[in-house]
Amino acid sequence: MGTTDGLEPTLHEVTSTDETPTPGMQIVRETIALSTLERMAEGMFGTLVKAVVDIEQGIMAVGGEMHADEEALLLDEGSPQPSLWGINLYPAQFGTPRFIEFDSVINIRPRQGNRTRSVDDAAVRATVTSSRRASGGPMTMHAGLASGRWWTLTLAEQLGNAGADVGRAVRARQEGDQSRFEAAFDRALELLDLTLADPRWRGLRLREIARTREVVCDFLVGDNLYGSTPELLDGYFLAFAIAARRDR
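All of these numbers come straight from a predicted model, not from anything done at the bench.

Criteria and cut-off values
- Residues numbered from 1 in each chain as written.
- Predicted model: local features only at pLDDT ≥ 70, side-chain atom pairs only at ≥ 80, totals over all residues.
- Heavy atoms only, no water.
- Helix = DSSP H or I, 4+ residues; strand = E, 2+ residues; numbered from the N terminus.
- Buried < 20%, exposed > 50% of the residue type's maximum accessible area, 1.4 Å probe, protein only.
- Contact = heavy atoms within 4.5 Å.
- Axes fitted to C-alpha atoms, helices over the stretch in contact; angles between N-to-C directions.
- Parallel < 35°, antiparallel > 145°, perpendicular 65-115°, else oblique.
- Left-handed = near helix turned anticlockwise from the far one by under 90°.
- Pairing = 2+ DSSP bridges.
- Polar contact = N/O pair within 3.5 Å; in protein donor to acceptor, adjacent residues only side chain to side chain.
- Expected span 1.5 Å × (residues − 1).
- Phe/Tyr/Trp six-rings, centres within 6.5 Å; stacked < 30°, edge-to-face > 60°.

A word on the environment of Leu-75. Topologically, Leu-75 is positioned in helix α2 (residues 67–76). The class for Leu-75 is buried, based on a relative accessible area of 3%. Between the C-alpha atom of Leu-75 and that of Ala-197, which follows or precedes it by 122 residues, the distance is 7.6 Å. Residues contacting Leu-75, with those up to four places away along its chain left out, are Pro-80, Gln-81, Leu-84, Leu-196, Arg-202 and Leu-206.

Here is the structure:
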């Protein structure tokens, strides 16, 4: 389960007096009306609105069907992926500690020390709610790839390689090998994050990558809300691996 926090957003102040724009996925740069959040909640999930906060640029995306959609929207706007954190807003709880919930599979960042759907570091949670700038970068296991070589690969090569580690993680979990599972899972997420950061992928393609990451996390360490199976994941990534080898 995610956690809630008593802090309220300061940059993205929620007001009850602003005019209500038409709900939909959007980037909040200053304020958003409480009535807008209420309409978003009613139109999608009933009680909550998904949001992703960029703690470096001090902006927030709201109104997406998946946190991955909002993540992709911010990445398309130039947000750095390590600065994005997913939360849920409960309009009916505005003004209480239950207004903000830290619970999203996009928050699973082993190389940033965050292995749960929550935001484990209290300082990062405070930064999310206040949108103060954060400093420091994530550690990486693929130093050569992170330095730029990964971005010379085709998308099929990138997802085919990431899928190999996803498959290893699935098999390790089935065999009950926790250490091997964590190593493969961490590698898979790092490769998917490098793919998300690739400046060549924008728009619908970037959204597909972000959704893929969310589905993988949901299946391997979440509640499998999307009904994935090892066979479905294997088939999805295998298609990219075959495409990557087709012209070789």
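One way to put it is that helix α5 (residues 155–174) packs onto helix α6 (residues 178–196) with a least axis distance of 8 Å and a crossing angle of 160°. By the angle class used here, α5 and α6 are roughly antiparallel. Note that α5 runs across α6; the crossing there is left-handed. Here Leu-155, Gln-158, Leu-159, Asn-161, Ala-162, Asp-165, Val-166, Arg-168, Ala-169, Ala-172 and Arg-173 of α5 lie close against α6, whose contacting residues are Arg-180, Phe-181, Ala-184, Phe-185, Arg-187, Ala-188, Leu-191, Leu-192 and Thr-195.

A few words now on the pairing of strand β5 (residues 49–54). Among the 6 residues of β5, 6 are classified as buried, and the element is accordingly described as predominantly covered. Neither face of β5 is exposed, since Val-49, Ala-51 and Val-53 on one face and Lys-50, Val-52 and Asp-54 on the opposite face are all buried. Both β5 and strand β7 (residues 84–89) contribute to a ladder of 6 bridges, which runs antiparallel. From the neighbouring strand, Val-49 faces β7, where its bridge partner is Leu-89. Pairing of β5 with strand β6 (residues 59–62), which is carried by 4 bridges, proceeds in the antiparallel orientation. Bridge pairing links Asp-54 to Ile-59 in β6. The turn linking β5 back onto β6 is made up of 4 residues, and Gly-58 within it adopts a positive phi angle of 70°.

Another aspect to go through is the pairing of β7. Among the 6 residues of β7, 6 are classified as buried, and the element is accordingly described as predominantly covered. Every second residue of β7 is oriented toward a common face, with Leu-84, Gly-86 and Asn-88 on one face and Trp-85, Ile-87 and Leu-89 on the other, all of them buried. Alignment of β7 against strand β8 (residues 100–102), held across 2 bridges, turns out to be antiparallel. The residue bridging Asn-88 from the neighbouring strand is Glu-101, located in β8.

Turning our attention to helix α3 (residues 122–130). Of the positions making up α3, those classed as buried are Arg-125, Ala-126, Thr-127, Val-128, Thr-129 and Ser-130. Two to three positions downstream of the cap, the backbone nitrogen of Ala-123 sits 2.7 Å from a side-chain oxygen, assigning the N-cap of α3 to Asp-121.

Phi at Asn-224 takes a positive value of approximately 50°, unusual for a residue other than glycine. Topologically, Asn-224 is positioned in the loop between α7 (203–221) and α8 (230–246).

So, about α7. Taking 1.5 Å as the rise per residue, α7 with 19 residues should run 27 Å; its terminal C-alpha atoms sit 27 Å apart, in good agreement. Every buried residue belonging to α7 is among Leu-206, Ile-209, Ala-210, Thr-212, Arg-213, Glu-214, Val-216, Cys-217, Asp-218, Phe-219 and Leu-220, and all of these are buried. Buried residues along α7 sit against α2, α5, α6 and α8.

On to the packing of aromatic side chains, then. Tallied over the full model, the rule gives 4 aromatic pairs. Consider the rings of Phe-94 and Phe-99, whose centres lie 5.3 Å apart with planes at 85°: the pair is edge-to-face. Using a relative accessible area of 31% as the deciding quantity, one classes Phe-94 as partly exposed. A residue is classified by how much of its surface remains accessible, and Phe-99, at 1% relative accessible area, is buried. A ring pair is formed by Phe-181 and Phe-185, whose centres lie 5.7 Å apart and whose planes are at 5°; its orientation type is stacked. Placement of both Phe-181 and Phe-185 in helix α6 is noted, with a separation of 4 residues, approximately one turn of the helix. The pair formed by Phe-181 and Phe-185 is uniform in burial state, with each residue classed as buried. Put simply, the rings of Tyr-236, Phe-237 and Phe-240 pair up and form one aromatic cluster.

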